[in-house]
Amino acid sequence: MARVKTILDQKGIERTLTRMAHEIVEKNQGGESLVLIGIHTGGVPLGHRLKERIKQIEGIDVPVGCLDITLYRDDWSKLSYLPIVKRTNIPFTTDDKCVILVDDVLFTGRTVRAALDAISDLGRPQKIQLAVLVDRGLRELPIQPDFVGIRLDSSPNEHVNVLLKEIAGQDQVVVVQKEDN
C-alpha cells in the first residue's frame, strides 16, 4: 500500500499563491510589464490564480496564456508514439515583456527547458522568470525557479501530486511514497 502525506491543503495553497504574487510584484517593481504563461496542465490554473492575486495587489489585469510543450520535449517519443498535444493560447506579444512562466512542480527541469524553447519561438521577452508551486529538487538540468511556493526534499521513489480544483475538484499537494516491488 502506498503512503500518502498531505503537504498543503486548500488554505495552504491559497496562502502560498498570495505570497508568491507579492514576491513577483516586488521583484518586478509592479506588474505593468508582466505576462503570465502557464504550462499545461497544472501551470494554467495556477497562472490564472496568480493573475487574480496580482490584480488585487496592483489593480492591474496581467495577461495570462497557456503553453503546451509536448512537441518541444526531448523525450516525447519515449512517452508515446501518439503524444496528446494540448492547446497553446498566448493572445498577446511576449516581446519586451517580463514573462512569468508558471508550473505546478519543478523536478528534473526538462519541462521548463522545453517551455523556454517554445517561448523563444513566440518572440523575444525582456526576461523570463519561473514560478513553481512545488520545487522537489533532483534536477537533471541547471534550472532554478525565481519564485517557489514550497521546497521539498524528495526522493526518486516519491511522487508529488498537485491537485487543483479546476482539474481534480480539490486543492491539495500530496507526496505519495511508491511501493517497493
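Residues numbered from 1 in each chain as written. Predicted model: local features only at pLDDT ≥ 70, side-chain atom pairs only at ≥ 80, totals over all residues. Heavy atoms only, no water.

Going by the annotation in an unreviewed UniProt entry, the name recorded for the protein chain is Bifunctional protein PyrR, with Dissulfuribacter thermophilus given as the source organism. The heading Sequence similarities (unreviewed entry) in the UniProt record of the protein chain holds the text "Belongs to the purine/pyrimidine phosphoribosyltransferase family. PyrR subfamily." (UniProt positions renumbered as here; feature names shortened; annotations may be inferred.)

## What about unusual backbone geometry?
Cis peptide bonds are those with omega within 30 degrees of zero, and the linkage from His40 to Thr41 qualifies with 10°. Following the sequence through the fold, Thr41 ends up in the loop between strand 2 (34-39) and helix 2 (43-58). Located in the positive-phi region is Asp96, a residue other than glycine, with phi close to 60°. Tracing the backbone through its elements, the reader meets Asp96 in the loop between helix 3 (76-79) and strand 4 (98-106). Not every positive phi belongs to a glycine, and Leu138 is a case in point at roughly 60°. Mapped onto the secondary structure, Leu138 falls in the loop between strand 5 (127-135) and strand 6 (147-151). A relative accessible area of 39% places Leu138 in the partly exposed class. (Helix = DSSP H or I, 4+ residues; strand = E, 2+ residues; numbered from the N terminus. Buried < 20%, exposed > 50% of the residue type's maximum accessible area, 1.4 Å probe, protein only.)

## Looking at the side chain of Thr108
When you line up the elements, Thr108 lands in the loop between strand 4 and helix 4 (110-120). Judged by its relative accessible area of 15%, Thr108 falls in the buried class. Side-chain polar atoms of Thr108 contact the backbone nitrogen of Arg110, separated by 3.2 Å. (Polar contact = N/O pair within 3.5 Å; in protein donor to acceptor, adjacent residues only side chain to side chain.)

## Concerning the sheet that holds strand 2
One open sheet accounts for five strands, arranged 3-2-4-5-6; its pairing is parallel. The outermost strands of the open sheet, each flanked by one partner alone, are strand 3 (64-67) and strand 6. When strand polarity is set aside, the average angle formed by the axes of neighbouring strands in this sheet is 25°. Relative to strand 5, strand 4 runs parallel, the two being bridged by eight bridges. Across the sheet, Val99 pairs through a bridge with Ile128, a residue of strand 5. (Pairing = 2+ DSSP bridges. Axes fitted to C-alpha atoms, helices over the stretch in contact; angles between N-to-C directions.)

## Describing the environment of Val64
The residue Val64 is located in strand 3 in this model. Excluding its chain neighbours within four sequence positions, the residues that come into contact with Val64 are Leu36, Gly47, His48, Lys51, Pro91 and Phe92. (Contact = heavy atoms within 4.5 Å.)

## Topic: the sheet that holds strand 1 (residues 3-8)
Read across the open sheet, the three strands follow the order 1-8-7; overall the sheet is antiparallel. Each edge of the sheet is formed by a strand with only one pairing partner; in this case those strands are strand 1 and strand 7 (158-163). Across the sheet, the mean angle separating the axes of adjacent strands is 25° when strand polarity is ignored. Two elements, strand 7 and strand 8 (residues 172-177), share six bridges in a ladder whose sense is antiparallel. Bridged to Val160 within strand 8 is Val175. Across the sheet, helix 1 (residues 10-27) is in contact with strand 1, strand 7 and strand 8; its angle to strand 1 comes to roughly 45°.

## What about the nonpolar core?
Ranked by size, the top nonpolar core spans 30 residues in total, and within it Ile24, Leu36, Leu50, Ile54, Ile100, Val134 and Val173 carry the most contacts. Residue assignment for this core shows that the elements contributing at least two residues are helix 1, strand 2, helix 2, strand 4, strand 5, strand 6, strand 7 and strand 8. Broken down by element, this core gets its largest block of residues, six residues, from helix 1. Counting residues in hydrophobic clusters, the runner-up holds 19 residues, among them Leu101, Ala114, Ala118 and Ile119. (Core = buried A, V, L, I, M, F, W, Y, C linked by side-chain atoms within 4.5 Å.)

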